[in-house]
Amino acid sequence: MSEYLLATHGLTKQFGHHKAVDHVDLHVKKGSIYGFIGRNGAGKTTFLKMISGLSQPTSGEIEMFGYKNAQLKNVRSRISCLIESPGLYGNMSAYDNLAVKCRLFGINDKRYIENILKTVGLSNVGKKKTKHFSLGMKQRLGIGMALVGEPDLLLLDEPINGLDPQGIAEIRDMIFKLRDEQNMTIIISSHILEELSKIATHYGIIHNGTLVQEITKEELMQRCGERMEIFLDDPKQALPVLDQMGFKNYQVTDKNTIHIYERLDESAAVNMELAKAGVSVRGIGITSEELENYFLNLTGGACNA
Ligand code: ATP
């Protein structure tokens, strides 16, 4: 069986001529909090809808809990999602909204509902109608609705969009609690990498329907931390030299740049070895990067937004 709770293979969704999701191979390990990052229109919602069964892929494969293709129906009940705005009855209280959802699941238990309200921090809202809730409260109740039936995999589409820092912190604490106390695996999408940086253990970055990178939190922190940046005309020429010097942790980031994430005190030696090999270096230095810049660089720069 695959080491992943969820893996997609070439997953594609086409609307007319436009591929909203284009051959995506994404991998989510059990117990991870997977940050799914992409700008507006990148394909996040379309992808999550296919995972949750709300939309059929044009091609490709989804593998979940060891099942795929037609057998996926055996495990759909283990997934729950909050996609787009939570469907709440505005004239009803949080409790009554949950009671309606519970009834659909055959659950008729006051304590079950109270537990969910506690988990999402809405124990003391009483009979207040949800139409009078703040955005953060609505989002938390939406997540509470998704918790009915105790899913193993929770999909949250932009749950922190538009929330203030306090609201974001509340959602973050709740997500940690769900992972730690209920062993849930959670995919959470956002268009702001920075906002997920305190939550996610893994990241997938999607741009124009294509998954441009999957990266662990540790790798991301390392890449945004200090690094040696080398500017040169043809990075390909430099790679054999770096290999020969024993560098392993480096990346060609664009047609003129190489980033090295180790042995940062050896920039002079790198410069010298490259010169000896006849590779002309235009510049070399030590730098670090803001998370958001990292994301912008991967997805074509701020001016393409
Ligand atoms: P957002 O955060 O803005 O929702 P997103 O990353 O979730 O962005 P999607 O909603 O998945 O992006 O949209 C991806 C692309 O697919 C967009 O270009 C969108 O216009 C297009 N798209 C989505 N749903 C449909 C549809 N039902 N018919 C036609 N095109 C669609």
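Everything quoted here is computed from the prediction, not taken from an experiment.

Student: Requested: an account of the overall build of the chain, with residues and values cited.
Tutor: Counting its secondary structure elements, the chain contains ten helices and 15 strands. Taken over the C-alpha atoms alone, the chain extends approximately 75 × 40 × 35 Å along its principal axes. In the chain, which comprises 305 residues, the proportion classed as buried is 45%. Summarising the internal contacts of the chain: among those between residues at least 6 apart in sequence, 67% fall at separations of at least 24. When the accessible surface of the chain is totalled, it reaches about 15100 Å², and 48% of it is carbon and sulfur. The positive charge centre, built from 35 side chains, and the negative charge centre, built from 36, are 9 Å apart in the chain.

Student: Help me get a handle on the UniProt feature "domain: ABC transporter" (unreviewed entry) in the chain, residues and values and all.
Tutor: Feature annotation in UniProt assigns "domain: ABC transporter" (unreviewed entry) to the following positions: residues 6-233. Structurally, residues 6-233 comprises 32% helix and 29% strand, and the distance from its first C-alpha atom to its last is 41 Å.

Student: For the packing of aromatic side chains, give the residues involved together with the corresponding values.
Tutor: Tallied over the full model, the rule gives one aromatic pair. Aromatic side chains F36 and F47 sit 5.0 Å apart centroid to centroid with 50° between the ring planes, which places their arrangement in the tilted category. Taken together, the positions of F36 in strand β4 (residues 33-37) and F47 in helix α1 (residues 44-52) put the pair eleven residues apart, joining distant regions of the chain. Classification of F36 by relative accessible area gives buried; the value is 0%. Taking NZ or CZ as reference, R78 lies 4.0 Å from the ring centre of F65, over its face.

Student: Tell me about the pattern of salt bridges, and please be specific about residues and values.
Tutor: Pairing is possible between side chains of opposite charge, provided their charged atoms come close. Counted under the stated rule, the structure contains eleven salt bridges. Between K276 and E273 there is a salt bridge, with its nearest N and O atoms 3.2 Å apart. Of this pair, K276 and E273 both sit in helix α9 (residues 267-276), three residues apart, which is roughly one turn of that helix. A relative accessible area of 61% means that K276 is categorised as exposed. For E273, a relative accessible area of 27% corresponds to the partly exposed category.

Student: Please give an account of the pairing of strand β2 (residues 18-24) that cites residues and values.
Tutor: Examined bridge by bridge, strand β1 (residues 4-15) and β2 share four bridges and lie antiparallel to one another. Each residue of the ladder has a partner; that of K13, found in β2, is V21. Two successive antiparallel strands, β1 and β2, enclose a turn made up of two residues, where G16 displays a positive phi of approximately 60°.

Student: Let's hear about α1: which residues, and what values?
Tutor: For α1, a buried count of seven out of nine residues is recorded, marking the element as mostly surrounded by other parts of the structure. For α1, the full list of buried residues reads K44, T46, F47, L48, M50, I51 and S52.

Student: For the domain arrangement of the chain, give the residues involved together with the corresponding values.
Tutor: The assigned domain composition of the chain is domain 1 (2-215) and domain 2 (225-287). The C-alpha-based centres of domain 1 and domain 2 are spaced at 41 Å.

Student: Which residues make up the site of the ligand, and what values go with them?
Tutor: Close to the ligand lie F15, H18, A20, R39, N40, G41, A42, G43, K44, T45, T46 and E158. H18 has a polar side-chain atom sitting 3.4 Å from an oxygen atom of the ligand. T45 places a polar side-chain atom, nitrogen or oxygen, 2.5 Å from an oxygen atom of the ligand. Those elements that place two or more of their residues in the shell around the ligand are β2 and α1. With three residues, the top contributor of residues to the shell around the ligand is α1. Residues that form the shell around the ligand fall into these classes: three nonpolar, six polar and three charged.

Conventions we followed
- Residues numbered from 1 in each chain as written.
- Predicted model: local features only at pLDDT ≥ 70, side-chain atom pairs only at ≥ 80, totals over all residues.
- Heavy atoms only, no water.
- Helix = DSSP H or I, 4+ residues; strand = E, 2+ residues; numbered from the N terminus.
- Buried < 20%, exposed > 50% of the residue type's maximum accessible area, 1.4 Å probe, protein only.
- Contact = heavy atoms within 4.5 Å.
- Areas by Shrake-Rupley, 256 points an atom, 1.4 Å probe, with all protein chains shown as cover.
- Lys, Arg positive; Asp, Glu negative; His and termini not counted.
- Charge placed at Lys NZ, Arg CZ, Asp CG, Glu CD.
- UniProt positions renumbered as here; feature names shortened; annotations may be inferred.
- Phe/Tyr/Trp six-rings, centres within 6.5 Å; stacked < 30°, edge-to-face > 60°.
- Lys NZ or Arg CZ within 6 Å of the ring centre and 35° of its normal.
- Salt bridge = Lys/Arg side-chain N within 4 Å of Asp/Glu carboxyl O.
- Pairing = 2+ DSSP bridges.
- Domains from an automatic or database assignment.
- Near = heavy atom within 4 Å.
- Polar contact = N/O pair within 3.5 Å; in protein donor to acceptor, adjacent residues only side chain to side chain.
- Nonpolar A, V, L, I, M, F, W, Y, C, P; charged D, E, K, R; others polar.

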